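Remarks on the overall topology
If you want the building blocks of each chain, they are given just below.
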Amino acid sequence: MILWGIDLGGTKIECSIIKLTDKNQYEVLYKERLPTDSTKGYDSILLKIKLLVANAQASTGLNPNSVGICTPGIIDRETKVLKNANVVCLNNRNLTADLSKTLNLPVFHANDANCFILAETLMGAAKTLPQTPQLAFGVILGTGVGGGIVIKNQVFEGLHGIAGEWGHNFIETTTHRCHCGKSGCLESFISGGALERFYSEKSSQRKTLQEIHEGFLAKTDLRAIETIERLKNYFGKAISQIINVLDPDVIILGGGVSNIDYLYQNISASVIPYLFNKELKTPILKHAIGDSAGVIGAALLTLEK
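These notes cover the structure that comes with them. (Residues numbered from 1 in each chain as written. Predicted model: local features only at pLDDT ≥ 70, side-chain atom pairs only at ≥ 80, totals over all residues. Heavy atoms only, no water.)

1. A short note on the side chain of S66
One can find S66 in the loop between α1 (42-60) and β4 (67-71). Taking relative accessible area as the criterion, S66 reaches 15% and is therefore assigned buried. With residues up to four places along the chain from it excluded, the contact list for S66 reads W4, P106, F108 and T302. (Helix = DSSP H or I, 4+ residues; strand = E, 2+ residues; numbered from the N terminus. Buried < 20%, exposed > 50% of the residue type's maximum accessible area, 1.4 Å probe, protein only. Contact = heavy atoms within 4.5 Å.)

Have a look at this one:
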């Protein structure tokens, strides 16, 4: 089976064609990326997607029956327009209908975090589990902090379309305002930018997260150690809330911050103090697919319809 996916992000738009095999595996037949250039506006983005699909058709000789797309933000169930996207020109637009008209194809949409966990559940990290999870929760730890939910191999978006928006739960009072306009969001504590800001405030030095992590691993930078230890504490506190509410069969982490291996070490010690249970059985896994999970999940959306 051949599936087509589009990953529309803040910096790039990717088009991929994947081939599914009988053993729940996939092969990437084609991939191309173009810069998003969102400052050029909404219509420019639609035309870039049209160009990517046309290039894929010309290069492979294949033609899609439908296309799946993942973006930041969510689609309002009633109005059908996109909201809460950090690619702001997408907001208040009926992207699904507009893109369907542009491509003359059925188009299926989901949030990028939902596409991430769909891909990792069906084709990635969850395949290491003895059974297919009934409920999987995906965590994005990167420039922002997001989450997604898959129930019985299908994306669950909720009544408002915000199911899984873990990064915008209140975690603790802070003077730092989140980009969503509220204060105290988890994203203000454990996103890549928040970690860099905390380190800078404590050390009066500016370092990238990679440099902070290197200082932590070398055990030579006390402020780096403090920053990563704080990350793990807040991560444990916040992930316990997900387990208390949803009790998922697996939690899978993605995004740049998820590559910090210390997050996974002795994770029970960080979670159990806040957990409504005496032990932690939930597998907390690192992503297996990487930054292509979004586009693969987008392609998999077309299987649900």
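The discussion continues.
2. Overview of the nonpolar core
In this structure, V139, L141, W166, I190, F235, I251 and L253 are the most contacted members of the largest nonpolar core, which totals 37 residues. Listing elements by their share of this core, those giving two or more residues are β8 (135-141), β9 (145-151), α4 (187-190), α5 (192-203), α6 (209-218), α7 (222-246), β11 (250-254) and α8 (267-271). It is α7 that contributes the most residues to this core, nine residues altogether. In this structure, W166 is in contact with F137, V139, L141, V145, G146, G147, L186, I190, F235, A238, I239 and I242, ignoring residues within four places of it in sequence. Among the nonpolar cores identified, the runner-up in size contains 29 residues, and L3, I117, A293 and V295 belong to it. (Core = buried A, V, L, I, M, F, W, Y, C linked by side-chain atoms within 4.5 Å.)

3. So, the pattern of salt bridges
Evaluation of the coordinates by the stated rule reveals twelve salt bridges. A salt bridge links E14 to K12; its shortest N-O distance comes to 3.7 Å. Overall, the relative accessible area of 0% leaves E14 in the buried class. Each of D7, K12, E14, R33 and D291 takes part in a single network of salt bridges with overlapping partners. (Salt bridge = Lys/Arg side-chain N within 4 Å of Asp/Glu carboxyl O.)

4. Regarding the side chain of T302
For T302, the location among the structural elements is in the segment after α9 (293-301). One polar contact links the side chain of T302 to the main-chain carbonyl oxygen of A299, over a distance of 2.7 Å. Aside from chain neighbours lying at most four places away, what touches T302 is L3, W4, S66, V67, G68 and F108. (Polar contact = N/O pair within 3.5 Å; in protein donor to acceptor, adjacent residues only side chain to side chain.)

5. Concerning the state of the cysteines
Summed over all chains, the structure comprises zero disulfides. Of all cysteine sulfurs in the structure, the one in C70 sits closest to C15, which takes part in no disulfide; the separation is 12 Å. Looking at the unpaired C89, the closest cysteine sulfur is the one in C70, lying at 15 Å. For C89, a relative accessible area of 17% corresponds to the buried category. (Disulfide = S-S within 2.5 Å.)

6. Brief notes about α1
Because each turn of an α-helix spans 3.6 residues, side chains separated by three or four positions in sequence point in the same direction. Over its 19 residues, α1 extends 28 Å from the first C-alpha to the last, a length consistent with the 27 Å expected when each residue adds 1.5 Å. Those residues of α1 that are buried lie in contact with β1 (2-8), β2 (12-20), β3 (26-35), β4 and α2 (95-103). G61 sits one or two residues past α1 and shows a positive phi near 75°. (Expected span 1.5 Å × (residues − 1).)

7. So, the layout of surface pockets
Computed from the structure, the largest pocket encloses a volume of approximately 1400 Å³. Around the largest pocket, the lining comprises 46 residues; the ones closest to its centre are N86, D112, I140, T143 and G144. Breaking the lining of the largest pocket down by element, the ones donating at least two residues are α3 (112-122), β9, α4, α5 and α9. Broken down by class, the residue content of the lining of the largest pocket amounts to twelve nonpolar, 25 polar and nine charged. (1 Å grid on protein atoms, 1.4 Å probe; cavity = no way out; pocket = protein on both sides within 12 Å on 5 of 7 lines; lining within 4 Å. Points joined across faces, edges and corners; volume = space filled by probe spheres on them. Nonpolar A, V, L, I, M, F, W, Y, C, P; charged D, E, K, R; others polar.)

8. Focus on the packing of aromatic side chains
Considering all chains together, one arrives at three aromatic pairs under this definition. Ring geometry for W166 against F235: centres 6.2 Å apart, planes inclined by 90°, an arrangement best described as edge-to-face. Taken together, the residues W166 in the loop between β10 (154-155) and α4 and F235 in helix α7 connect sequence positions 69 residues apart. On the basis of relative accessible area, W166 is assigned to the buried category, the value being 2%. Relative to Y234, the ring of F189 has its centre 4.7 Å away and its plane inclined at 40°; by these criteria the two rings are tilted. Of this pair, F189 sits in helix α4 while Y234 sits in helix α7; the two residues are 45 residues apart in sequence, bridging distant segments of the chain. Given the relative accessible area of 8%, Y234 is considered buried. (Phe/Tyr/Trp six-rings, centres within 6.5 Å; stacked < 30°, edge-to-face > 60°.)

Spatial relationships are all this shows, so hold off on functional conclusions.
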